[in-house]
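# Commentary on secondary and tertiary structure
Now for the letters of each chain:
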Amino acid sequence: MLPAVVIAALMVSLPALAQGPDRPLAALSCGGCHGVGSAGQGPIAPLAGRPKAELVAAMTAFRRDERPGTIMGRIARGYTDAEIDAIAADLAARR
Amino acid sequence: MITRRTLGLGAAALIAAPAISRAQAPLRLLVIGGGFGGASAARFARDSYPDVQVTLIEPRTRFVTCPYGNLVLAGTKQLDAITFGYDAVRARGVTVIHDLASGIDPVAKSVRLAGGQALGYDRLILSPGIALRWGAIEGYDEAAAGLLPHAWVPGDGGQTALLRRQLEAMEDGGVVGIAIPPNPFRCPPGPYERISMIASYLKKAKPRSKILALDAKEAFSKQGLFQDAWNALYPGMIEWVPGNRDGKIVKVDARERVLETEFGEKHRVAVANVIPPQSAARIAIDAGLANASGWVEVDPVTFEAKAAPGIHVIGDANTAPPMPKSGFIANSTSRQAVASAIALARGAAPPADASYFNTCYSHVGDEYGISVVGIFRPGPAGFVETPNSGGVSPRGNLPDQRRLEAIYADAWYKSITDYMFGA
Ligand SMILES: Cc1cc2nc3c(=O)[nH]c(=O)nc-3n(C[C@H](O)[C@H](O)[C@H](O)COP(=O)(O)OP(=O)(O)OC[C@H]3O[C@@H](n4cnc5c(N)ncnc54)[C@H](O)[C@@H]3O)c2cc1C
């Protein structure tokens, strides 16, 4: 059993530690079409669990119109390299 | 997501539970409105903050989506395919109360329900959608909507079902009148998707019929793409009259089904769909959150209402140009709003580097879809669209692109409704 003073200290430290999802919120936007958790939706490819390098390469190619797509080029051009990197890392770590 | 860190703290909180006071009790996040913004907010809060207590207030036990309502009008979807219940929301650990919020006290941090109950909160997420401005078009009130449906706030689905029945009952050769409001309004491409979907039905079932679209505006979302499709798929069927050619409807005679323009021209039609001017839903206005135009101004990072701290307003009720009033934006912004609300309640900073994402697909014919994409960020004064990104589908004769976009539209609908209402 922890002494009360330790518990109090833990409670006080709660706000600083539990700030919420330690993942980029932008990564959750993909799920709007790629299915909940970006696990895929019908004909739309799953993204969760794919290698990060593959996701970064795909987004980079979409952005440069080097990979054919319907809307991904328009989307990829809206994010910086750093954002794509963070989103890809997050998706790669899922599942 | 549960990290080892939050799990550890959860255990500590459990041990301490009997001794703690309100200040250390679970954070109470109250969500008003179980639609696109509210149901998304509730889901994200449960998924990401297992230690936060989430309560959702929504008067309806069944939610009928506006999106895909136009396919019900086309006859290619049934109402029950776009109707959802709250069982999975409850199963996720959200306390769902089916009642109407009738008042907000931002100082006492309390919401009054029509049923009499009062609920305290630490942070409030408000996503109540829109209200129709009855009377903004002379003669167009709730009773008139029983004759000339708006089908723009689906409610129990009755409005959409009524418009569909009227289209089915119309004789071949009839004119369907559609009155379209000025900006801003819910779903900028929605009226034009509706024109397209009604045309697709008429082409099959009543090919001598016409659509007369009477618009208060001179231009509209995805205009070139829509008009290309109308010429290709429904030649001669659709007449679109812009505001500067006397398209603005200012008065209706519901019994006679007459739509009257600004300069007094009277159009008598067989079926009339009147989409009236709109404002934020009543609860937002009553709580004093809206500006003179009837919409709620918010901080572009936290979505906190400028008029009241602690109340984060998302979805169609806020004013956030150039972002559209769309279900996708309501969903996308809900996460930043919830994360900001919880961070602020805990004395922390809201998530930095926010971005908001939108794709609005429109069906314009069988296997024919088009889209507009937008990526937005907080700016020094409001919201800013990210340069050199987003935009509409390419124009031209591109059957593969159109076919794929129609398929992807269906996947979007399934994904977002799964997120809101799925297990
Ligand atoms: C024909 C049409 C087609 C559309 N197509 C698309 C599309 O393809 N893609 C897209 O992204 N968007 C589309 N939209 C837009 C989309 O429907 C809205 O942008 C979205 O519903 C906004 O979400 P919201 O949470 O603000 O409001 P809503 O989804 O309307 O939810 C508001 C909820 O709040 C509840 N409520 C209201 N007042 C109270 C109160 N006082 N207390 C408790 N609860 C309350 C209501 O009952 C309702 O359930 C379309 C709209 C229309 C009309």
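Residues numbered from 1 in each chain as written. Chains lettered and ligands numbered in written order. Predicted model: local features only at pLDDT ≥ 70, side-chain atom pairs only at ≥ 80, totals over all residues. Heavy atoms only, no water.

Looking only at helices and strands, chain B features eleven helices and 25 strands. Taking the principal axes of the C-alpha coordinates as reference, chain B spans close to 75 × 45 × 40 Å. Each of the 423 residues in chain B was classed as buried or not, and the buried ones make up 58%. Summarising the internal contacts of chain B: among those between residues at least 6 apart in sequence, 65% fall at separations of at least 24. Carbon and sulfur atoms form 52% of the exposed surface of chain B, whose accessible area is close to 16500 Å². (Helix = DSSP H or I, 4+ residues; strand = E, 2+ residues; numbered from the N terminus. Buried < 20%, exposed > 50% of the residue type's maximum accessible area, 1.4 Å probe, protein only. Contact = heavy atoms within 4.5 Å. Areas by Shrake-Rupley, 256 points an atom, 1.4 Å probe, with all protein chains shown as cover.)

The secondary structure content of chain A amounts to six helices and zero strands. Reading the secondary structure of chain A in the N-to-C direction produces α-α-α-α-α-α. Within chain A, residue pairs in contact and separated by at least 24 positions form 47% of the contacts whose partners lie at least 6 positions apart. Total accessible area on chain A stands at roughly 4700 Å², and carbon and sulfur atoms take up 64% of it.

So, about the pairing of strand β15 (residues 258-261) of chain B. All names here are of chain B. Of the two faces of β15, both are covered, the one formed by V258 and E260 as well as the one formed by L259 and T261. Examined bridge by bridge, strand β14 (residues 249-253) and β15 share four bridges and lie antiparallel to one another. Bridge pairing links D253 to V258 in β15. The turn joining β14 and β15, which pair antiparallel and follow one another in sequence, is formed by four residues; a positive phi near 55° is taken by R257. By the bridge criterion, three bridges tie β15 to strand β16 (residues 266-268) in an arrangement that is antiparallel. Bridge pairing links V258 to R268 in β16. In this structure, the hairpin formed by β15 and β16 is closed by a connection of four residues, where G264 is found at a positive phi of approximately 90°. (Pairing = 2+ DSSP bridges.)

With that settled, consider the site of the ligand. Residue and element names in this part refer to chain B. Within the structure, the ligand sits among 33 residues, and G37, E58, S127, R186 and D316 are positioned closest to it. Between G37 and the ligand, the recorded distance is 2.8 Å, taken from a backbone N or O atom to an oxygen atom. E58 is positioned such that a nitrogen or oxygen atom in its side chain is 2.5 Å from an oxygen atom of the ligand. Here the ligand has 1000 Å² of accessible area as a free molecule, and 93% of this is covered by the chains. Looking at the shell around the ligand, the elements that each hand over two or more residues are α2 (36-48) and α10 (327-345). Top contributing element to the shell around the ligand by residue count: α10, with three residues. Residue composition of the shell around the ligand, grouped by class: 17 nonpolar, ten polar and six charged. (Near = heavy atom within 4 Å. Polar contact = N/O pair within 3.5 Å; in protein donor to acceptor, adjacent residues only side chain to side chain. Nonpolar A, V, L, I, M, F, W, Y, C, P; charged D, E, K, R; others polar.)

Residues and elements named next belong to chain B. Here three strands make up an open sheet; going across it, the order is β14-β15-β16 and the pairing antiparallel. In the strand order of this sheet, the two ends are held by β14 and β16, each with one partner. Along the sheet, successive strands turn relative to each other by an average axial angle of 25°, direction set aside. (Axes fitted to C-alpha atoms, helices over the stretch in contact; angles between N-to-C directions.)

All names here are of chain B. At a minimum axis distance of 8 Å, the contact between α2 and helix α11 (residues 399-421) shows a crossing angle of 60°. As far as their axial angle goes, α11 and α2 are oblique. Here α2 contributes F36, A39, S40, R43 and F44 to the contact with α11, which in turn contributes I416, D418, Y419, M420 and F421. When grouped by side-chain class, the residues that make up the contact of α2 with α11 number seven nonpolar, one polar and two charged. (Parallel < 35°, antiparallel > 145°, perpendicular 65-115°, else oblique.)

Our next topic: the confidence of the model for chain B. Confidence in the prediction of chain B, expressed as mean pLDDT, is 94, and 95% of residues score 70 or more. Within the model, the stretch residues 1-21 of chain B combines pLDDT values under 50 with 21 contacts to residues more than four positions away or in other chains. (pLDDT = per-residue confidence, 0-100.)

Another point: the state of the cysteines. All names here are of chain B. Scanning the entire structure with this criterion turns up zero disulfides over all chains. You can see C66 has no disulfide; the closest cysteine sulfur is in C187, sitting 7.9 Å from it. Residue C66 is classed as partly exposed on the basis of its relative accessible area of 29%. (Disulfide = S-S within 2.5 Å.)

Moving on, we get to the packing of helix α7 (residues 190-205) of chain B against helix α8 (residues 223-233) of chain B. Packed helices, taken two at a time, are described by their axes: the angle between them and the distance between them. Residue and element names in this part refer to chain B. With their axes 11 Å apart at the nearest point, α7 and α8 run at an angle of 5° to one another. What the angle tells us is that α7 and α8 run roughly parallel. Residue-level contacts link Y192, E193, I195, S196 and K203 of α7 to F226, W230 and L233 of α8. Here the residues of the contact of α7 with α8 are counted per class, giving five nonpolar, one polar and two charged.

Glancing now at the pattern of salt bridges. Opposite charge on two side chains permits them to pair, given that their charged atoms come into close proximity. Taken as a whole and assessed by the stated rule, the structure comprises 23 salt bridges over all chains. Notably, a salt bridge pairs A:D85 with A:K52, separated by 3.0 Å at the nearest N-O pair. Taken together, the residues span a long stretch of sequence, with A:D85 in helix α6 (residues 81-93) and A:K52 in helix α4 (residues 52-63) at a distance of 33 residues. Exposure remark for A:D85: the relative accessible area of 34% places this residue in the partly exposed category. For A:K52, a relative accessible area of 33% corresponds to the partly exposed category. The residue B:R28 makes a salt bridge to B:D122 at a minimum N-O spacing of 3.3 Å. (Salt bridge = Lys/Arg side-chain N within 4 Å of Asp/Glu carboxyl O.)

Attention shifts here to the environment of B:D299. Residues and elements named next belong to chain B. Within the element layout of this structure, D299 appears in the loop between β19 (296-297) and β20 (311-313). Classification of D299 by relative accessible area gives partly exposed; the value is 29%. The spatial distance from the C-alpha of D299 to the C-alpha of A381 is 8.9 Å, given a sequence separation of 82 residues. Excluding residues within four positions of it along the chain, D299 makes contact with E304 and K306.

Attention now moves to the sheet that holds strand β6 (residues 101-105) of chain B. Residues and elements named next belong to chain B. With antiparallel pairing, three strands are arranged side by side in an open sheet as β6-β7-β8. Unpaired on one side and paired on the other, β6 and β8 (118-120) mark the two borders of the sheet. Between one strand axis and the next, the sheet turns through 20° on average, direction left out of account. Two strands pair when backbone bridges link them, and strand β7 (residues 110-113) and β8 are joined in this way by three bridges, in the antiparallel orientation. By the bridge assignment for β8, S110 is matched with G120.

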